[in-house]
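Residue strings, one per chain:
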Amino acid sequence: MTRHFLRDDDLDPEQQARVLELAARLKASPYAEKPLAGPRTVAVLFDKPTLRTQASFASGIAELGGFPMIIDGSLAQVGVRESVSDTARVLGRQAWVVVWRTHEQSRLEEMARHAGVPVVNALTDEFHPCQALADLLTIREHRGALAGKRLTFVGDSACNMGHSYLLAGATAGMHVRVSGPKAYRPDPTVLARAQEIAATTGGSAEYVADPVEAATGADVLATDTWLSMGREAESAVRADVFAPWQLNTTLLAAAADDAIVLHCLPAYRGKEITAEVIDGPQSVVWDEAENRRHVQKAVIAWLLEEPPAALAGAAEVVS
């Protein structure tokens, strides 16, 4: 059965730990794993703007011995010129893995149903699991073992990062709090799933409305832009609504003395985070941005432990 990485809970706790350990090894020795030697092609499709995602996947695929086939979503027009299912069948015959940065999670799931090769979520409106893994790797590097650590996300807790922190953090046995305006609570089904996972890992997952309460004692404070892609028209309204959840020195002072600060970028200084925090000594956002490459390499290597069904014959020929 073909494995995919579509949302954070596609990895169980043991698998997540394995992927993070592999990512740490690949960071120390970038060319230690070559599952894409050939080079084998990975299709990397972008329907949304990108910088870190394109750069990290392209460089990481190359380091794994492969070729990143970058596909411009505005030209491919998946779901417009051609159905998602037909596109999946085409790409599955050309690539060993399909990576897609798109809108609805349902599009990604349809791609996975028809591609016959592993599909990786490079961001959807609902989840951003590669970023969450990069954040966990960054926390490990700066604060050690993940289990028992307290992670607080402030801002739009209904956004993809809020959802991914809940699921990935719970899987790692962390105590995760997300905080934002009551109108921007996380999806209740995602929160319930995170709480279900946390019950098995010793972690916890909760929504806390008050940002200072949520930040109190946190080992990690994280935020994201208040303005998700495609919602630019809401800019002025959101700036007013989210102002109390700005990641600033007041919130940082409520956290643990050695707390670290995460932001998946792009950052808008003076809005969701202040310059003195993101550029301050407790910020580790540049390590976080680099770590996208390492965790994505580890995910691809993990997915390819078993040959994709659509290319199993090709694997036999190559070997």
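Caption draft 1: A look at the overall build of the protein chain. In terms of helices and strands, the protein chain carries 14 helices and nine strands. Whereas a compact globule of 319 residues would reach a radius of gyration of roughly 20 Å, the protein chain reaches 19 Å, a difference of no more than 12%. Structurally, the protein chain occupies a C-alpha span of about 60 × 40 × 35 Å along its principal axes. A total of 319 residues make up the protein chain; the buried ones form 55% of that total. Taking as baseline every contact in the protein chain between residues at least 6 positions apart, the subset at least 24 positions apart corresponds to 76%. Accessible surface for the protein chain amounts to roughly 12800 Å². Of this, 52% is attributable to carbon and sulfur atoms. When the 30 positive and 41 negative side-chain charges of the protein chain are each reduced to one mean point, those points stand 3 Å apart.

Caption draft 2: Structural view of the packing of aromatic side chains. Evaluation of the coordinates by the stated rule reveals three aromatic pairs. A centroid spacing of 5.6 Å and a plane angle of 40° characterise the contact between F153 and Y165, whose relative ring orientation is tilted. Placement of F153 in strand β5 (residues 150-154) and of Y165 in helix α7 (residues 160-171) is noted, with a sequence separation of 12 residues between them. By the burial criterion, F153 is buried, and Y165 matches it. Judged by centre distance (4.7 Å) and plane angle (55°), the rings of Y184 and F242 are tilted. You can see Y184 sitting in the loop between β6 (175-179) and α8 (188-201) and its partner F242 sitting in helix α10 (residues 235-242), a full 58 residues away along the chain. Relative accessible area serves as the criterion here: at 0%, F242 is assigned to the buried category. Ring-pair connections join several aromatic residues into one group, and the members of that group are Y184, W226 and F242. Across from the ring centre of W302, 4.1 Å away, lies the NZ or CZ of R3, which sits over that ring. A cation over an aromatic ring shows up here: R40 above the ring of W96, its NZ or CZ 4.2 Å from the ring centre.

Caption draft 3: Summary view of the sheet that holds strand β3 (residues 97-101). Ordered in space as β2-β1-β3-β4, the four strands form an open sheet in which the pairing is parallel. Only two strands of the sheet have a single neighbouring strand rather than two, namely β2 (67-72) and β4 (119-121). This sheet shows a mean twist of 20° between the axes of neighbouring strands, independent of strand direction. Note: β3 against β4, three bridges, orientation parallel. Paired with V99 across the strands is V120, a residue of β4.

Caption draft 4: Representation of the nonpolar core. In terms of nonpolar packing, the biggest core is built from 62 residues, with F57, V120 and I139 touching the most fellow members. If sequence neighbours within four positions are ignored, I139 has contacts with G144, L146, L151, M174, V220, I260 and L262.

Caption draft 5: Here's a closer look at the confidence of the model for the protein chain. On average, the protein chain scores 94 in pLDDT, and the residues at 70 or more come to 94%. Throughout residues 311-319 the model reports pLDDT below 50, and contacts reaching past four residues in sequence, or to other chains, amount to nine contacts.

Caption draft 6: Looking closely at the packing of α7 against α8. With their axes 8 Å apart at the nearest point, α7 and α8 run at an angle of 15° to one another. Considered as vectors, α7 and α8 are oriented roughly parallel to each other. Seen along the crossing, α7 lies across α8 with a hand that is left-handed. Mapping the contact onto sequence places H163, L166, L167, A170 and T171 in α7 and V190, L191, R193, A194, I197, A198 and T201 in α8. In terms of residue class, the contact of α7 with α8 is made up of eight nonpolar, three polar and one charged.

Caption draft 7: Broad picture of the packing of helix α6 (residues 129-143) against helix α13 (residues 285-303). At their nearest, the axes of α6 and α13 sit 8 Å apart, and the two run at 115° to each other. The orientation of α6 with respect to α13, classified from their angle, is roughly perpendicular. Of the two elements, α6 crosses α13, and the hand of that crossing is right-handed. Contact residues: α6 offers C130, Q131, L133, A134, D135, L137, T138, E141 and H142, while α13 offers D287, E288, N291, R292, H294, V295, Q296 and V299. Of the residues assigned to the contact of α6 with α13, the class counts are six nonpolar, six polar and five charged.

Caption draft 8: Main features of α13. Its 19 residues place the ends of α13 27 Å apart at the C-alpha level, agreeing with the 27 Å of an ideal helix rising 1.5 Å per residue. Where α13 bends most, the angle comes to about 30°, and this point is N291. Most of α13 sits out of view: 15 of its 19 residues are buried.

Rules used throughout
- Within any chain, residue numbers begin from 1 and follow the written order of that chain's sequence.
- Local features in this predicted model are restricted to residues of pLDDT 70 or higher, and side-chain atom pairs are both shown and tallied only at a pLDDT of 80 or more, whereas totals for entire chains, interfaces and linings draw on every residue.
- Only heavy atoms go into the side-chain values, all of them from the structure, while hydrogens and water stay out.
- Only DSSP runs of H or I covering at least 4 residues are called helices, and only runs of E covering at least 2 are called strands; the numbering of each starts at the N terminus.
- Computation of the radius of gyration draws on C-alpha atoms, with the globule rule given as 2.2 Å multiplied by the number of residues to the power 0.38.
- Buried, partly exposed and exposed residues are distinguished by accessible area as a fraction of the type maximum, computed with a 1.4 Å probe on protein chains only: under 20%, between the cut-offs, and over 50%, respectively.
- In what follows, residue pairs with any heavy atoms lying within 4.5 Å of each other are defined as contacts.
- Here the open area of atoms and residues is found with the Shrake-Rupley method and a 1.4 Å probe, where only the protein chains shown may cover a residue.
- Neither His nor the chain ends is counted toward charge; the positive residues are Lys and Arg and the negative residues Asp and Glu.
- In plain terms, the charge of a residue is placed at NZ if it is Lys, CZ if Arg, CG if Asp and CD if Glu.
- The aromatic pairing rule takes the rings of Phe, Tyr and Trp, using the six-membered ring of Trp, and pairs them if the centres are within 6.5 Å, calling planes under 30 degrees apart stacked, those over 60 edge-to-face and the rest tilted.
- By the criterion adopted, a ring carries a charge over it if an Arg CZ or a Lys NZ lies within 6 Å of its centre and within 35 degrees of its normal.
- Pairing between strands requires that DSSP locate at least two bridges from one strand to the other.
- Geometry is summarised by axes, namely lines fitted to C-alpha atoms with helices restricted to the contacting stretch, and by angles between N-to-C directions that run from 0 to 180 degrees.
- Definition used in this section: a nonpolar core is a set of buried Ala, Val, Leu, Ile, Met, Phe, Trp, Tyr and Cys residues joined via side-chain atoms within 4.5 Å.
- The predictor reports its confidence for every residue as pLDDT, a score running from 0 up to 100.
- Any angle that falls under 35 degrees is termed roughly parallel, while one over 145 is termed roughly antiparallel, one within 65 to 115 roughly perpendicular, and all others oblique.
- Two helices crossing with the near one rotated counterclockwise from the far one by less than a right angle form a left-handed crossing, whereas a clockwise rotation gives a right-handed crossing.
- In this classification, the charged set is Asp, Glu, Lys and Arg, the nonpolar set is Ala, Val, Leu, Ile, Met, Phe, Trp, Tyr, Cys and Pro, and all remaining amino acids, among them Gly, are polar.
- To estimate how far a helix should extend, the number of its residues minus one is multiplied by 1.5 Å.
- Each residue is assigned a bend, namely the angle between axes fitted to the seven residues that terminate at it and the seven residues that start at it.

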